Every structure is written in C-alpha cells, then in structure tokens.
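The chain contents come next:
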Amino acid sequence: MGDREHRSPLTGRDSEKAFLDQLVADVRSGASRSLVVHGEAGVGKTALLEYVAARGADGRLVRASGVQSEMELPFAALHQLCGSMLGNLDRLSGPQRDALATAFGLAAGPPPDRFLVGLATLGVLAEEAAQGPLLCLVDDHQWLDQESRQVLAFVARRLGAESIGLVFAARVLDDELSGLPQLPVDGLEEPDARALLDSVLTGSLDERVRNQIVTETRGNPLALLELPRGRTADDLAGGFAIPHGSGIARTVENDFRRRIRALPDDTRRLLVLASADPTGDSGLVWRGARHLGIRGDAASAAADHGLAEFDSRVRFRHPLARSVSYWSAPAAERQTAHRALAEETDRAADPDRYSWHLAHATPGPDEEVADELERSAARAGARGGLAAAAAFLQRSVALTIDPRKRAQRALTAAVAQFQAGAFAATTELLDLAEAGPLEEPEKAQISLIRAQLAFVLHRGGEAPALLLAAAVELEAIDPGSARVVYLGALNAATFAGRAATARGTVREVARTAGVAARSGDPTEPTDWLLLALTANFNEGYAEGVPHFRQALASFGSDTMTPDQELRLLWPISSAALHLWEDDQWLTLSRRYVDLAHATGALSELPLALSTRAMVLLFAGDLTTAAALVEEQETVTSATGSQLAPYSAMCLAAMRGQDETAERLVELTGRDAVAKGEGISIAVGEWTRAVLYNGQGRYAEAAAAAREALYHQEYPELRYPGIANWAAAELIEAACRCGDDAQAAEAVEWLTEMTSASGTPWALGVQARSRALVSSGKAADAAFLEAISWLEHTQVRAELARTHLVYGEWLRRGRRRTEAREHLRTAHEALDAMGMESFAARARRELLATGETARRRSAPATQELTPQEVLIAQLAREGLSNPEIGSRLFISARTVQYHLRKVFAKVGITSRSQLDRVELTS
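Residues numbered from 1 in each chain as written. Predicted model: local features only at pLDDT ≥ 70, side-chain atom pairs only at ≥ 80, totals over all residues. Heavy atoms only, no water.

**Things to note about the packing of helix α12 (residues 265-276) against helix α13 (residues 282-292)**
Alright, step 1. The interhelical angle for the contact between α12 and α13, taken along N-to-C directions, is 135 degrees, at an axis separation of 10 Å. By the angle between their axes, α12 is oblique relative to α13. The handedness of the crossing between α12 and α13 is right-handed. Contacts between α12 and α13 pair R269, L270, L273 and A274 from the former with V285, W286, G288, A289 and L292 from the latter.
Alright, step 2. Its residues assigned to classes, the contact of α12 with α13 comprises seven nonpolar, one polar and one charged. (Axes fitted to C-alpha atoms, helices over the stretch in contact; angles between N-to-C directions. Helix = DSSP H or I, 4+ residues; strand = E, 2+ residues; numbered from the N terminus. Parallel < 35°, antiparallel > 145°, perpendicular 65-115°, else oblique. Left-handed = near helix turned anticlockwise from the far one by under 90°. Contact = heavy atoms within 4.5 Å. Nonpolar A, V, L, I, M, F, W, Y, C, P; charged D, E, K, R; others polar.)

**A word on the pairing of strand β1 (residues 33-38)**
Alright, step 1. Counting buried positions along β1 gives five out of six residues, so the element sits mostly inside the fold.
Alright, step 2. Here six bridges tie β1 to strand β4 (residues 164-170), and the two strands are oriented parallel to one another. When the sheet's bridge partners are listed, H38 is paired in β4 with A170.
Alright, step 3. Sheet topology places β1 next to strand β5 (residues 182-184); three bridges connect them, and they run parallel. Each bridged residue has a counterpart across the sheet, and for V36 the counterpart in β5 is Q182. (Buried < 20%, exposed > 50% of the residue type's maximum accessible area, 1.4 Å probe, protein only. Pairing = 2+ DSSP bridges.)

**Observations concerning helix α18 (residues 367-382)**
Alright, step 1. In this model α18 runs 23 Å from its N-terminal to its C-terminal C-alpha over 16 residues, within 8% of the 22 Å that 1.5 Å per residue would give.
Alright, step 2. Taken together, the buried positions of α18 are V369, A370, E372, L373, S376, A377, A380 and G381.
Alright, step 3. Against the buried residues of α18 lie α17 (351-361), α19 (386-398) and α20 (403-419).
Alright, step 4. You can read the cap of α18 off the contacts: a side-chain oxygen lies 3.1 Å from the backbone nitrogen of E368, and it is on D366. (Expected span 1.5 Å × (residues − 1). Polar contact = N/O pair within 3.5 Å; in protein donor to acceptor, adjacent residues only side chain to side chain.)

**A short note on the packing of helix α32 (residues 646-655) against helix α42 (residues 836-848)**
Alright, step 1. Closest axis-to-axis distance for the α32/α42 pair is 5 Å, and the angle between their directions is 20 degrees. In terms of axis orientation, α32 runs roughly parallel to α42. Contacts between α32 and α42 involve A653, M654 and R655 from the former and E836, S837 and F838 from the latter.
Alright, step 2. In the contact of α32 with α42, the residues fall into three nonpolar, one polar and two charged.

**Some details on the sheet that holds β4**
Alright, step 1. Spatially, β2-β3-β4-β1-β5 is the arrangement adopted by the five strands of the open sheet, whose pairing is parallel. Strand pairing shows two members of the sheet lacking a second neighbour, β2 (60-65) and β5, which therefore form its edges. This sheet shows a mean twist of 15 degrees between the axes of neighbouring strands, independent of strand direction.
Alright, step 2. The sheet contact formed by strand β3 (residues 134-139) and β4 spans five bridges and is parallel. Paired with V138 across the two strands is F168, which belongs to β4.

**What about the nonpolar core?**
Alright, step 1. Counting residues in hydrophobic clusters, the biggest one holds 187 residues, and the most contacted among them are L78, F168, W585, W686 and W761.
Alright, step 2. Per-element accounting of this core gives the leading share, 10 residues, to helix α36 (residues 722-737).
Alright, step 3. Aside from chain neighbours lying at most four places away, what touches F168 is L35, V36, V37, V138, H141, L152, A153, A156, L177 and L180.
Alright, step 4. Residues V272, L273, A276 and L320 belong to the second largest nonpolar core, which totals 34 residues. (Core = buried A, V, L, I, M, F, W, Y, C linked by side-chain atoms within 4.5 Å.)

**Topic: the environment of L569**
Alright, step 1. Within the secondary structure, L569 sits in helix α28 (residues 562-578).
Alright, step 2. Taking the C-alpha atoms as reference, L569 lies 21 Å from T759; in sequence the two are 190 residues apart.
Alright, step 3. Each residue touching L569, except ones within four places of it in the same chain, is listed here: F555, L588, R591, Y592 and L595.

So, in structure tokens, the structure goes:
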C-alpha cells in the first residue's frame, strides 16, 4: 500500500474541526474564547491543536507544552507562552508588572500573589492581542507545573473582549479546568479507523484481524498509526501484536518500548539524555552527549524508528515516546544522564535547573545536594512558586541522612506544602518530622500546623480544640505568638458554634484563653482583642466593652505594616460592629477594601468586600452594596474563595427578592453543615428574618430570628454581629405576632448590650425596641427618642425602618395625620434605597391612612447588567480602564467594551456624563 493515500489523525474529525473553525472565527471578529480539548492519550488532541494553528496561521500564535519532568519548575510553562511578550510588561500597572517580573525571576521582590500574576498575564496577552487576534495553544496540560496551571486557568476564566483564543489539550478535566467550555475527543468511528489503519499497512490483512485491531484500539489514532510500525504482515496476521485487555496508552507505551529496545546502544542513551531534559534544548543535549561519549550519528536511528527528531530543538514523536524513553532506562542510566546535563547547565544563569538535574542524579543521601535544593526552594518561594518550593524541599528531605536536620527539613517542607495547598503531603511530612528529634518550639509548630490544617479543611469539628491546644503548647515558648493563636482559636470556635467538639466550644476556649489574655501587659491590638473577646464570653458584654474600645484605639498606628493591618482588619471591624460604632465600622471597612486593593491581597479581598457591603446595607446604600457584591462574586469566582455569600443574601433579603434570598440561604446552610460553620446557619436565619419582616410574614420572621439568636452552643452569650442584628428582628416580629413575652425577653437581652455600648446606634435600636413592647405615652416617647438617636448615625436603613414601625403604630392608634408624616418619610427613604418589601409595607400603611404613595418611576433606559453597573460606578469614581480591570480581573479592553455598551444603553457619550444618570441593574 505504498501508493495508498496516507491519512492523518484528523481523519473523521469534521465536527471537531467545525467547532474549532468557529472558535478561530470568533477570535478574528474580536471576541475571546477559551476551550479544553480533552481525551485519552493518542486520541488526536495535539493534531487538533495543530489544526487550530494552521487555521490561525495569518494571525499571532504562541504555544506552551507540559513536560512531565518539568512539573517541579515554577512558571516554566507560563514562560514558554509569554516569554516573547515581555516587552509588554511596562504597559502594566506597577503591582502587576512587579508580580510577573518576580515570578519570571526578572526582578527581586516579595513573593507575588498568584492571582496578581494571573491578572498580569491577562494584561500581557491583551496587550499582545491589541496588535491582532492572538491564539494561545497549551498542550499536555496535565504535565504543566502547578503555578502555570493555576495562572492559565485563571486567565481562561477572565477572558472578555480581547481577541484571544486560549485552547488547552488535556487527558482529563481536573478541578482547574472544570467549568470551561470543552471539546471531548473520542476514538474514530469504525469506517474512519479502518481507513487510517489501511493507510499505514504495508500488506494485505485478514478482515477479521483488521476488525479486531480496530475494536481493541477503540479507534485511537495513535495506536492505529503506531501498531503496524516495524511489524511484518505475518506478525499482524497472526494477531500477536494486537493489544489484549490493557489500556490504549499502555499498548502504545509497550510499542514504543519494543522499538527503543531494538535501537543501537548510543541511540538509546541519547534518547534517555534527551528525555531527561524538559527544555528541548538540542545544544544542551549534544553537550551532554559529548560528555557521555555518545557519537554524533546516534540521532539518525531515533528518527528512522519514528521516536524523536534532533534539529534546532529536540522533538519526540509523542509525549509517551519521551516518557517511555526515560522510564524504561535503568535508574543508574537516568542518573548518569542527569549528571551530564547538570555538568553542562550554566549554574549561574539557571541555578534551579542545575539543582533539579543534580538532585535526580543523586542515588542516595547527599548533604551538598540537599543544601543546593534548599537554596532553589528559597528562590522558587521568592518568585511565588509555592508548589515548586515545596517539591524542592521535599526532595531535600529524601537526600538528608542526619536525623535532626532531616526532621527540620521535613517540617520546613510541610509548611511549604501547606502554603501550596497540598494538604495530604503536608500531613505526611508532619508525620516524618514528628518522628525525628525536634526542639519544643518545633513541636509546637507542628501542633499549630495540624490545627491550621484542620481549620482550613473543616472550620468546625476539632479545629478550635486543636488551635487551643497549639496555643497552650506555644505559650511557654512565645507568649506573644500564643496570644495570636488563642485569638484564632476563639474565632474558629465562634465560626463553629454547635459543630465544635467538647474541648473546642466558645466557652471552653474563652476560659483557657482568658488566663493567657490577662497574663501580660496588653500593648498590641491583638492583645486588646483577646482581652475583649474573652471578657465578653467569660464575664459578659459590658466587661468586654472597654477592651474593645482600647483595641479600636490602638489599631492603625504608624508602626503597623500593611500586612499587619490586613490580618487584623476583619476582627477589628467586627469589634466596631459589636460596639455599635457605625462610624468606625464604615471607616474600617473602607480601609479594608482600599488596602486589599492597593497591596494586591486577593486572598483577603472577598472578605473585605463582604464586610464593606454589609456596612453599606445598614447605611441604606444598596446600589453601592450591590456593586460590591458583584465584585465579590467576581473575585470569589476568580480566586476560588470559599467565603459564604453573606452580603449577597442580605442584599436580596433587603430588596425583598424571595427566590434569590432563599436559594442563597439554602446553599449557605448546606455548605455550613459540610464545613462545620454554625455561624453561617445563624446568619442565614437572620437573613430570613429580615426578608420575612419586610414582607409582613411575622410568625416566620420570629421563628427565623429566634433560630439565629439561639443557634449557638451558648445562646446567652453575645456573638459579634449576630447579637446586634437578630435580637432587633425578633423583637419586631414577636410584637407583631402578639408574643409579648418573647419580645420582652429579647428586649432585656438586647438592652444589656446597648446600655453598655451607649452609642447613638445602640441607644436608637434600644429605644425602638422598648417602644415596640410599650404602649401609650411611653411608647410614643420611646419612638421619638429612637428617631432622635438614629438621626445622628450613618445607619440610614435603621432610621427608615424606625419611621416605618412608628408610623404603623400611630396608624393603629388612629392618629392618621401623624402616621402619614412618618410613613411618608419611611416610604420615600426605603423606596430610594431599593428596600422594596419594606417600602411596600410603608405604601400599604399609607393607603390605609387614605394617602396614595407611588413607586419610583423606572428610568427610561435599557436595563444594565450588574457587571455594567459596577464598571460604570468605578468609572464614575475616576478609575481608569486598567485600574477597573485590575479590580474586576478583566483586561482594560474588556472594560472599554462594557463602557461602550453602558453609554449606548443610558444615552450618553463619555465618562464625564455618568454623573447625570442613575445606575441600577
């Protein structure tokens, strides 16, 4: 069949090619697309990538390919893809430019946040695409280094309107690629498989044998192409070469292994050397070959047998050919190859690759190599390559023979694996470290890491107890650090609620931590916070108030670094909320968001945005809060944050959006049970109470508020946040249900807090609550007192709701004229805020007084999407397109695309006109 048409692995791939044609056309038209082509080894994924490359030949094309032996080198694949575009770095914002330069080892600096590296990569690609449509092809995703996988998956999810096509080829869909558009690739249909097989056969073949080959290979193109290579017609006719029962990859590997064994010794050694070098640098390979005495003509047989080609670069026929070339060689031969490559690698220019080769060349313990690996780990960590640093450190442990040093290195590697998110490896290394001779501080560190691991995996359960035990162990060694861990244990216990184990309840943790809190002179905000929380839980709310105030006063000094501020802004904001200090709550929440944005602390940003949104909801600024919720959802999606959607469900409740609020509460509740976060269940029930009170479903509101207030293990304790909110909802609902006893009990419970706080917000809510359980002149005076206090606060939603309940009380007392005044004030405020169900309540009450209230007229513009509202608001605040892109994890070109749509919908032509229009979704 020598003159028979040779068919390609793309035989019979018409539907796949049509799909890829559309992707290329979309990119050419200005859109961006991401795609995952996935299927088993040899099924034709690489051929499909080559098809995309050919279809986009008139545009810009960049590639990266994973190599199994390079998985430990940080950002290696990303550098392959973006190395030619580094001239675009200067067009990025400072933090993005610095992050990517540090990741690539072009500049020194603190380890960059991986999401900031992702945003910088998106920016570099977008700048390149500004010159024309850009296709990015990433082959063998399963063998990319972890840092590159994370960054490229991030970029794939944030593409917008940049004219970029990002196509991955992967054997399986892992968590990083899940949710992206996909093109599954299966074996060829029988007619196409037969045609492909016939194209490579050199003689006739029995029909039954041909059918069996097609069946056994399941139409896998690589197996069909490789199986006949080097075999006679008699071999195939007898069926001896037909795979039986093993996977296709195993079949092809066996075939490559057979062909490698038949090679001359020098050629086989050359293939081992080439497969040990992940860069494909033929110059390095030939220098290594010379070092080993391999002859220059050794490459010819590798090409003749269809295994590899040695040109300007080394190219294996298939990744499986590389893998088999390497792993079929004896260990000693692989080590010899790595030794030669290490000797020929420029140690000054590429120290990490030198260390990597040296480590794989070492058959047993070697202290010098272990030291070299530690230095490589430090360099990788400084570049943000946490997974690579962990891999280097773990290898250094294996090469260390001294028990003491081995245990220390195992502990260091465990910390690195924990930071990289490799929790199973963390546990294994902790076990190894624990078995060695360690000092007391190191043993305490092991306990702390185990506790932190438990908290990350399951916030409830045993995490609070483990953190408490770690703090106790650490106290004798480092009291200052111990107090920080005690504070973490208290936070964990608060999160867990009833899900905590017996020794990790809030009361148990507070009792033990309280002793430590009083053992030294408090100087730092953490000291005061620990004193405040332990006093709050051990002695009562009033005893904690002065310590909370001192914590607020000591926060934000000139000596605090941004990192120290970030770590404390959530607990310190919670302290302001617990004290009913609305001004400080607003100020601190704004600082939290600004600092997270300014420093690129993307891991903190979801919580910062949620905190700020909650403040603004109480302030009645639902429009800005909605924009922050949209930004939080964007950040959460981009970073994989596990933060519950607290602000989103509260926003839905205040807007009276039943389905959205209930769905989010249900989702949060399910996740809370799985994670052991009792606090999330309480917040969800409080959200329901707000929703139901707004809709006048008072019995259901009372039940939900009661569940929120008393859900925790010790309902008599005052939990920050929930204590402020749930009691007030319960009082209003219980009064409207006629459950006076329940309402009076809740007022007494609330008053213990509000009297000790003494802020206008606290005293306003206290007066309103007292009015609701009173009658006659006492109630009248209390309502007016509440309004007077709340007029001096920032919590405008509380003030509007107070006018509402006062107006309702006046209307029921037949004081219609006075009722109209307060109901009209309530309706105007609530309607303007967008608190639809509460505004509807006010509207119904006004109708009952004989007055008609109208809804706000909808703006005569097309409705904006939530993302368009957010982008327009940020533009109105004066942020540039690149700054908006940084905030929302999209490119500046995508920002401009959305702004053009906003301008068209609201009827304006420039940013300067945004102040003239109402921005709502």
